Amino acid sequence: MSNQRNGDTKPPCLPRNGLVKIPTQPNGLGSASITKGTPAVKNRLCQPSSVPAILSPALANHSDLPIPSLASPLSLATLAGVSSPPSASLVGLNSSEASPGKEQPSPERLPGSPSERQLAVDEKILNRLFWYFSACEKCVLAQVCKVWRRVLYQPKFWVGLTPVLHTKELYNILPSGEKEFVSLQGFAVRGFDGFCLVGVSDLDICEFIDNYPLSKKGVKSMSLKRSTITDAGLEVMLEQMQGVVRLELSGCNDFTEAGLWSSLNARITALSVSDCINVADDAIAAISQLLPNLTELNLQAYHVTDTALAYFTAKQGYTTHTLRLNSCWEITNHGVVNMVHSLPNLSVLSLSGCSKVTDDGVELVAENLRKLRSLDLSWCPRITDMALEYIACDLHKLEELVLDRCVRITDTGLSYLSTMSSLRSLYLRWCCQVQDFGLKHLLSMGSLRLLSLAGCPLLTTTGLSGLVQLQELEELELTNCPGATPELFKYFSQHLPCCMVIE
């Protein structure tokens, strides 16, 4: 399903209801946190596939066959001589499943000479070739013929992807006007072990459990977003789906803390709760008591206080390595004290949007959480250069530091960070006091692989041009930088050829 404009073919971006990769890190407050790391991801997802010629040497010997174009996701369909139908769906429920009576063409019916047809359905070649296509493209290519579908429906091609299904996509409307739950067999064949369901109710969850063959034991991850699931529905889901170890609840306002007490199971190792209005301190108490094997907790709750961070048990202090407290506005330095003593083995910590945390709180983190590899302090307006001095002195294993919208950070703070030999990723989006002189401190950081300076208004073209000294840099974000001119981007393309520069 490519869009034609002025004769050019653009590969499709991932659709709203298509197959998408669930983020490993939930985003924090506002647009700055939401865009953390995403510009480059968008570029990679929307870039056309790169299919190396070495995969199919036979193609070079058939000059009369159209070689797969790097600009078109349908190029392999062209190779087979069959175009995808205009209404082909990019979701897991493809047109052949939605319309059982519509038969896919068999390899023998493909146009072209016998040798061409044999090349187009050589499963050894296809098994290697299909690795170079995006999830969207695979969904389209699976509709070309039965052989391609059989090859593409192997679970190995869908590892790490999670189908996103909206409630209206779960039902077909029959001629009588009644609703019939769709077939999920195509998902089962591909071995999906995680789903994201949007806008579902208790009844929809029960229908999903009854109709997905792998729901009882095979589903490891469930994400419910903007759904009306109640305490009873949550209890039934976790009781029936015995394989779930990762659970996400986002924008679900109908369940209560009592529902967490009645439904959470000790097998859950990763839990994410965000924008659920009934979540407060008692929810943390339920999590701490019922999830002894918890390794990752992502929480966005406006009513959680310092007291809740003292609830974690000694076992969780040993097992929990990731804690993200995004936009927990009531958390103060006292809560940080409770946290560092309850969870001393954290390697990933986010306090994004915890606007009451100050330099003293960061000092507690630096002194007590020496194993940290990732620290997110974005949207913490009280953080100053002093906090960066604490980080540089004590967190010697830190690899990622996010300081987006920390408006009180200056060039002095960057001078402290320049001593950190392990730091690989540094985010300074919309740090409005950072100037060219501060960038000079960063030029000695040979370990840096990713640097974001988006929205820094005081950086000039001259200061930014010095970044070419960071020859190991792989990604540089300069969105909304006044000093980022077309001439500068051209200069970077010549002197940082291996770096992805995001304009």
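No experiment lies behind these values; they were computed from the predicted model shown.

Definitions and limits used
Residues numbered from 1 in each chain as written. Predicted model: local features only at pLDDT ≥ 70, side-chain atom pairs only at ≥ 80, totals over all residues. Heavy atoms only, no water. Helix = DSSP H or I, 4+ residues; strand = E, 2+ residues; numbered from the N terminus. Buried < 20%, exposed > 50% of the residue type's maximum accessible area, 1.4 Å probe, protein only. Contact = heavy atoms within 4.5 Å. Areas by Shrake-Rupley, 256 points an atom, 1.4 Å probe, with all protein chains shown as cover. Axes fitted to C-alpha atoms, helices over the stretch in contact; angles between N-to-C directions. Parallel < 35°, antiparallel > 145°, perpendicular 65-115°, else oblique. Nonpolar A, V, L, I, M, F, W, Y, C, P; charged D, E, K, R; others polar. Core = buried A, V, L, I, M, F, W, Y, C linked by side-chain atoms within 4.5 Å. Disulfide = S-S within 2.5 Å. Phe/Tyr/Trp six-rings, centres within 6.5 Å; stacked < 30°, edge-to-face > 60°. Lys NZ or Arg CZ within 6 Å of the ring centre and 35° of its normal. Polar contact = N/O pair within 3.5 Å; in protein donor to acceptor, adjacent residues only side chain to side chain. Left-handed = near helix turned anticlockwise from the far one by under 90°. Pairing = 2+ DSSP bridges. Right-handed = clockwise from strand over helix to strand, strands pointing away. Salt bridge = Lys/Arg side-chain N within 4 Å of Asp/Glu carboxyl O.

> I'd love a proper account of the overall build of the chain, names of residues and values included.
Secondary structure assignment for the chain yields 22 helices and 19 strands. Expressed as a percentage of its 503 residues, the buried residues of the chain come to 53%. Counting only contacts in the chain whose residues sit at least 6 apart along the sequence, the fraction spanning at least 24 positions is 75%. Accessible area of the chain: about 21,800 Å², with a carbon and sulfur share of 53%.

> Lay out the packing of helix 17 (residues 359-368) against helix 18 (residues 385-394) with the relevant residues and their values.
At their nearest, the axes of helix 17 and helix 18 sit 9 Å apart, and the two run at 5° to each other. Overall, the two elements helix 17 and helix 18 adopt an arrangement that is roughly parallel. Of helix 18, the residues touching helix 17 (which contributes Asp359, Val362, Glu363, Ala366 and Glu367) are Met386, Ala387, Tyr390, Ile391 and Asp394. Split into classes, the residues belonging to the contact of helix 17 with helix 18 amount to 6 nonpolar, no polar and 4 charged.

> Please set out the nonpolar core residue by residue, giving values where relevant.
By size, the foremost hydrophobic cluster in this structure holds 132 residues, and its most contacted members are Met222, Met339 and Leu453. When neighbours within four sequence positions are excluded, Leu453 is seen to be in contact with Leu428, Leu439, Leu459, Leu464, Leu467, Glu477, Leu478 and Cys481.

> Give me the lowdown on the state of the cysteines, citing residues and values where you can.
Linking two cysteines covalently via their sulfur atoms produces the bond known as a disulfide. On inspection of all chains with the given rule, the structure shows 0 disulfides. We note that Cys139 lacks a disulfide partner, and the nearest cysteine sulfur, in Cys136, lies 6.6 Å from it. On the basis of relative accessible area, Cys139 is assigned to the buried category, the value being 3%. Cys498 takes part in no disulfide bond, and the closest cysteine sulfur, belonging to Cys499, lies 8.9 Å away. On the basis of relative accessible area, Cys498 is assigned to the exposed category, the value being 69%.

> Lay out the environment of His321 with the relevant residues and their values.
When you line up the elements, His321 lands in the loop between helix 15 (314-319) and strand 12 (322-325). With 50 residues separating them along the chain, His321 and Lys371 place their C-alpha atoms 9.4 Å apart. For His321, the residues in contact, after removing those within four places along its chain, are Thr295, Asn345, Leu346, Ser347 and Val348.

> Quick rundown of the packing of aromatic side chains? Include the residues and the values.
Going through the model one piece at a time under the given rule, you end up with 13 aromatic pairs. On the basis of an interplanar angle of 75° and a centroid distance of 4.8 Å, the ring pair of Phe195 and Tyr212 is categorised as edge-to-face. With a gap of 17 residues between them, Phe195 in strand 7 (residues 194-198) and Tyr212 in the loop between helix 11 (202-211) and strand 8 (221-225) connect regions that are remote in the sequence. Across this residue pair, the class does not change: Phe195 and Tyr212 are buried. Members of the aromatic cluster, connected to one another through ring pairs, are Trp158, Phe187, Phe192, Phe195, Phe208 and Tyr212. Its end group placed over the ring of Tyr153, Arg190 keeps NZ or CZ at 4.3 Å from the ring centre. Note that Arg190 overlies the ring of Trp158, its terminal NZ or CZ placed 4.9 Å from the centroid.

> Please give an account of the side chain of Thr322 that cites residues and values.
Secondary-structure assignment places Thr322 in strand 12. In this structure the side chain of Thr322 is engaged in a polar contact, spanning 2.7 Å, whose partner is the side chain of His321. With residues up to four places along the chain from it excluded, the contact list for Thr322 reads Thr295, Glu296, Leu297, Asn298, Leu346 and Val348.

> Explain the packing of helix 11 against helix 12 (residues 231-240) residue by residue, including any values.
It is at 9 Å that the axes of helix 11 and helix 12 come closest, and there the two elements cross at 15°. Considered as vectors, helix 11 and helix 12 are oriented roughly parallel to each other. Our pair here, helix 11 against helix 12, has a crossing hand that is left-handed. Here Asp202, Ile205, Cys206 and Ile209 of helix 11 come into contact with helix 12, specifically with Gly233, Val236, Met237 and Gln240.

> Hey, could you go over the pairing of strand 11 (residues 296-300) for me, with residue numbers and the actual values?
Burial analysis of strand 11 places 5 of its 5 residues in the buried class, the great majority of the element. The side-chain alternation of strand 11 yields two buried faces, one formed by Glu296, Asn298 and Gln300 and the other by Leu297 and Leu299. Relative to strand 11, strand 10 (residues 270-274) is paired through 5 bridges, and the arrangement is parallel. Across the sheet, Val273 pairs through a bridge with Leu299, a residue of strand 11. Between the parallel elements strand 10 and strand 11, the chain passes through helix 14 (residues 281-290) in a crossover that is right-handed. Relative to strand 12, strand 11 runs parallel, the two sharing 4 bridges. Residue pairing across strands places Leu299 opposite Leu325, the latter belonging to strand 12.

> Let's hear about the environment of Phe130: which residues, and what values?
Tracing the backbone through its elements, the reader meets Phe130 in the loop between helix 7 (123-129) and helix 8 (135-141). Separated by 18 residues in the primary sequence, Phe130 and Trp148 place their C-alpha atoms 9.3 Å from one another.

> Could you give an account of the pattern of salt bridges, naming the residues involved and the relevant values?
The final tally for this structure, using the stated rule, is 8 salt bridges. Where Lys356 meets Glu330, a salt bridge forms, and the shortest distance between an N and an O atom there is 3.5 Å. With Lys356 in the loop between strand 13 (348-350) and helix 17 and Glu330 in the loop between strand 12 and helix 16 (333-342), the pair connects residues that are 26 residues apart, well separated along the chain. Residue Lys356 is classed as partly exposed on the basis of its relative accessible area, which comes to 33%. Of the residues examined, Glu330 reaches a relative accessible area of 37% and is grouped as partly exposed. Asp394 is paired through a salt bridge with Arg370; the nearest N and O atoms lie 3.7 Å apart. Here Asp394, found in helix 18, pairs with Arg370, found in the loop between helix 17 and strand 14 (374-376); they are 24 residues apart in sequence, far enough to count as distant.

> Can you lay out the pairing of strand 10 for me, pointing to particular residues and giving the numbers?
For strand 10, the buried fraction is high: 5 of the 5 residues fall into the buried class. In strand 10, alternate side chains face the same way, and those of Ala270, Ser272 and Ser274 on one face and Leu271 and Val273 on the other are all buried. In terms of strand pairing, strand 9 (residues 246-250) meets strand 10 through 5 bridges, oriented parallel. Residue pairing for strand 10: Glu248 is matched across the bridge by Ser272. Read from strand 9 through helix 13 (residues 257-263) to strand 10, the crossover connection turns out right-handed.

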